[in-house]
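Coordinate analysis (summary)
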Amino acid sequence: MISLDVNYAGIRLKNPLIVSSAGIVGYAHQIKKAEDYGAGAVVMKSFFEEEICREAPTPRFKILKRGYNGNSSSTLYSYEQASELGPEEYAEELSKAKSLVKIPIFASLNCVTPDMWNRMSHLVEEAGADGIELNVSCPHGVHIMEGRALKDEIKKALEATQEVRIPRIVKLSPQTSDPMIEANVVEENNGSGIVMFNRFTGLDIDLEKEAPILHGGYAGHGGAWAIYYVLRWISTVYPHLHIPIAASGGVTDGKDAIKCILAGATTVQICTVVILKGYEVIQKINKEIFEFLDEKGYQSLDEIRGKVTGKILSYKEVDRRRLYMAYIDQEKCNQCNICYKACYSGAIEKRDGRIYVNPNCVGCGLCAELCPRRAIELVGL
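Quick summary incoming for the structure in this document. (Residues numbered from 1 in each chain as written. Predicted model: local features only at pLDDT ≥ 70, side-chain atom pairs only at ≥ 80, totals over all residues. Heavy atoms only, no water.)

**What about the overall build of the protein chain?**
- Assigned secondary structure in the protein chain consists of 12 helices and 21 strands.
- Radius of gyration (C-alpha) of the protein chain: 24 Å, near the 21 Å computed for a compact globule of 381 residues.
- Projected onto the principal axes, the alpha-carbon positions of the protein chain cover approximately 80 × 60 × 40 Å. (Helix = DSSP H or I, 4+ residues; strand = E, 2+ residues; numbered from the N terminus. Rg over C-alpha atoms; globule rule 2.2 N^0.38 Å.)

Listed below in structure tokens is the structure:
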């Protein structure tokens, strides 16, 4: 019998998918909707101590699209910031959500003073929160925008909330030189787990106005492109920690979720994909995770967690022999010249109206990746 359930910081989840803190889970009825579509847990939209952050400007969303050769990448650029609710209202809404759902609910707190960290942690615990996510990494929050030292902020948050009995999980920022340092700080100060990562802080510029777009300042940005950074650091941190890791950033489907677990994640947070595709995508991702386990003959996610970490080669171990070169199928090639323009080693040349590969080919594989007709492949030497 295949099971998707996981143990996350001592809390049993029916599956690894957690809808992360955002406007899509700011109120009880939204949290119920996430449960109805199969979420394993929810992180309620963040409470901010800074009251000004509780009111977001309009508009506050923009989908930025860019790309090369017709291949576009997209970024969800947003300035949503905090829950609109004050301390008591936030706790009341959390309590209301707990009465409606059976899945775990994590409160997300973004505080700046020890007194408020302490007060809010007790308030949400009394309201029924199953755990707390300490949000010191909001891309347009106080800690990041004021340039505070995140190591110190993590320590202060964990110290100020140490009296509560529920798990305290720290959401890390990707905007540090070495996330391993912050991860160690969490474990050393009795944190229950980490989330890797919050969104990046970004800026886009309106060329007509020669000014920042939307609200006129920095904003958070994330999207499918972010997963490679997430996988890199989870796989680095996982072998050294004894606390669970929640992956967050770039997950769009079940394959992405499986990759995060192979890298070492216990749970997988999803946000942008739910915002853009609706709550129904939760069901789809769970189904794809199940199908992967079934196809591979696994019974649980525990069997694959961190499995890839032992296969990552160091720079000294990488095989650097020239083993391949490009081959062009002349019947498929339409002489579009994309490969000719891109080949930096001078290995692709034109003769008699056709394109060929000469012996200078270093086997880099770029031409095969760029060819729109799949007319190029790498062949062994």
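More follows now that the structure is in view.
**Quick notes on helix 3 (residues 114–127)**
- Between its first and last C-alpha, helix 3 extends 20 Å over 14 residues, near the 20 Å set by a 1.5 Å rise per residue.
- Where helix 3 is concerned, the buried positions are Met116, Trp117, Met120, Ser121, Leu123, Val124, Glu125 and Ala127.
- Buried residues along helix 3 sit in contact with strand 5 (47–48), helix 2 (87–100), strand 8 (105–110), strand 9 (131–135), helix 4 (142–145) and helix 5 (150–160). (Expected span 1.5 Å × (residues − 1). Buried < 20%, exposed > 50% of the residue type's maximum accessible area, 1.4 Å probe, protein only. Contact = heavy atoms within 4.5 Å.)

**Focus: the side chain of His140**
- Tracing the chain through its elements places His140 in the loop between strand 9 and helix 4.
- Beyond its immediate sequence surroundings of up to four residues, His140 is in contact with Ser78, Tyr79, Glu80, Gln81, Met145, Tyr218, Ala219 and Gly220.

**Thoughts on the pairing of strand 10 (residues 168–171)**
- On strand 10, burial covers both faces: Arg168 and Val170 on one face and Ile169 and Lys171 on the other are all buried.
- Sheet analysis places strand 9 next to strand 10, joined by four bridges and oriented parallel. Each residue of the ladder has a partner; that of Glu133, found in strand 10, is Ile169.
- Where strand 10 lies against strand 11 (residues 193–196), three bridges are found, and the strand directions are parallel. Following the sheet pairing, Ile169 is matched in strand 11 by Gly193.
- A crossover links strand 10 with its parallel partner strand 11, the connecting element being helix 6 (residues 179–188), and its sense is right-handed. (Pairing = 2+ DSSP bridges. Right-handed = clockwise from strand over helix to strand, strands pointing away.)

**A look at the nonpolar core**
- Core analysis: the biggest nonpolar cluster contains 93 residues, and Tyr90 and Ile194 have the highest contact counts within it.
- Apart from the residues lying within four places of it in its own chain, the contact partners of Tyr90 are Met44, Lys45, Ser46, Phe47, Ser83, Leu85, Ala107, Ser108, Leu109, Met120 and Val124.
- In this structure, Ile328, Ile348, Cys371 and Ile376 belong to the second largest nonpolar core, which totals 13 residues. (Core = buried A, V, L, I, M, F, W, Y, C linked by side-chain atoms within 4.5 Å.)

**Let's talk about the packing of aromatic side chains**
- What the rule picks out here adds up to five aromatic pairs.
- Between Phe197 and Tyr229, the ring centres sit 5.3 Å apart and the planes meet at 50°, which makes this aromatic pair tilted. With a gap of 32 residues between them, Phe197 in the loop between strand 11 and strand 12 (200–202) and Tyr229 in helix 7 (residues 227–237) connect regions that are remote in the sequence.
- With a relative accessible area of 24%, Tyr229 lands in the partly exposed category.
- Members of the aromatic cluster, connected to one another through ring pairs, are Phe197, Phe200, Trp225 and Tyr229.
- The side chain of Arg232 reaches across the aromatic face of Trp233, ending 3.8 Å from its centre.
- The ring of Tyr356 has Arg351 sitting right over it, with the charged end atom 4.2 Å from the ring centre. (Phe/Tyr/Trp six-rings, centres within 6.5 Å; stacked < 30°, edge-to-face > 60°. Lys NZ or Arg CZ within 6 Å of the ring centre and 35° of its normal.)

**Considering the pattern of salt bridges**
- Summed over all chains, the structure comprises 14 salt bridges.
- We note a salt bridge from Arg148 to Glu146, for which the minimum N-O separation is 3.1 Å.
- In this structure, the salt-bridge partner of Arg351 is Glu349, at a minimum N-O distance of 2.5 Å.
- Overall, Glu349 belongs to the partly exposed group, its relative accessible area being 25%.
- Within the structure, one salt-bridge network assembled from shared partners comprises Glu146, Arg148, Glu153 and Lys156. (Salt bridge = Lys/Arg side-chain N within 4 Å of Asp/Glu carboxyl O.)

**Focus: the environment of Gln81**
- Residue placement: Gln81 occurs in the loop between strand 7 (71–78) and helix 2.
- Using a relative accessible area of 12% as the deciding quantity, one classes Gln81 as buried.
- C-alpha of Gln81 to C-alpha of Gly26: the two residues are 55 residues apart in sequence and 11 Å apart in space.
- Residues contacting Gln81, with those up to four places away along its chain left out, are Lys45, Cys53 and His140.

**Some details on a nonpolar patch on the surface**
- Taken together, the side chains of Met145, Leu203, Ile205, Leu207 and Tyr218 make up a nonpolar region of the molecular surface, amounting to roughly 530 Å² of accessible area.
- Counting through the fold element by element, Leu203 comes out in the loop between strand 12 and strand 13 (205–206).
- What makes Leu203 partly exposed here is its relative accessible area of 44%. (Patch = residues over 30% accessible without salt bridge, like charges linked within 9 Å, V, L, I, M, F, W, Y side chains within 5 Å. Areas by Shrake-Rupley, 256 points an atom, 1.4 Å probe, with all protein chains shown as cover.)

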